[in-house]
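Below, each chain spelled out in residue letters.
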Amino acid sequence: MSLFGLRDTAPKMAQNHHHFCKEQPLEIRKASELDIDAIVELNRQIGEIHHQHYPEVFSPPSPEERAFLLSAIGVEGRLFCVAEQDGRVVGFLTARIDINESVPFLTRAPICRIGSVVVDELHRSRGIGKALIAHCDEWAKTLDAQQIRLEVMAFNERAKALYEALGFKVQSQIMAR
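For the structure given in this document, a descriptive report is provided here. The shown structure was predicted, so the numbers you read here are calculated from the model rather than taken from an experiment. (Residues numbered from 1 in each chain as written. Predicted model: local features only at pLDDT ≥ 70, side-chain atom pairs only at ≥ 80, totals over all residues. Heavy atoms only, no water.)

1. Digging into the packing of aromatic side chains
Phase 1 of the analysis: Summed over all chains, the structure comprises three aromatic pairs.
Phase 2 of the analysis: Judged by centre distance (5.9 Å) and plane angle (45°), the rings of Tyr-54 and Phe-155 are tilted. Taken together, the residues span a long stretch of sequence, with Tyr-54 in the loop between α1 (36–53) and α2 (64–73) and Phe-155 in the loop between β7 (147–150) and α4 (157–165) at a distance of 101 residues.
Phase 3 of the analysis: Ring centres 5.5 Å apart and planes at 25° place the aromatic pair Phe-80 and Phe-92 in the stacked group. One end of the pair, Phe-80, is in strand β4 (residues 78–85); the other, Phe-92, is in strand β5 (residues 88–100), and twelve residues separate them in sequence. In this structure, Phe-80 and Phe-92 share a single accessibility class: buried. (Phe/Tyr/Trp six-rings, centres within 6.5 Å; stacked < 30°, edge-to-face > 60°. Helix = DSSP H or I, 4+ residues; strand = E, 2+ residues; numbered from the N terminus. Buried < 20%, exposed > 50% of the residue type's maximum accessible area, 1.4 Å probe, protein only.)

2. Let's talk about the pairing of β7
Phase 1 of the analysis: The pairing of strand β6 (residues 111–119) with β7 spans four bridges and is classified as parallel. If you follow Arg-113 over to β7, its bridge partner there is Arg-149.
Phase 2 of the analysis: In this fold, the crossover linking β6 to β7 by way of helix α3 (residues 128–142) has right-handed handedness. (Pairing = 2+ DSSP bridges. Right-handed = clockwise from strand over helix to strand, strands pointing away.)

Limitation: the analysis is restricted to geometry and does not speak to function.
Written out as structure tokens, the structure reads:
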């Protein structure tokens, strides 16, 4: 159960999809424990950027993240996929399906919530993020999700441009002081 009484409700799925990026094959597949070193490195990259911009919100990358990410790989009913190119993990995406069960003014429609989209800093702007989101979109549709939602930090102009190009629109804003 999460904030607003939403619960995760997605059957475990292990689909492999092939996408192509700049003429080099890119495979989007379910993450496994064997991918943990690459996932930790990607998470470090994004973690450092977030910590630099919002140290009051994000802690610097730490060794505890490895165990957290390992446990996330095995969670039933969630999507944790990686983008692999030339035998190397170059990105990952996490998502879940939420259904409102307790807030009367919110619909009960299944919603796909993307938790993380991370692409290796040396492989950005090559269609990898787009391929990860396309894979997530297919996964969400099989679970009857009515919408895909994600949060993006205000400083992340590159990610915002990608999401807008893929049809995402601002639905709400989190404001802090």
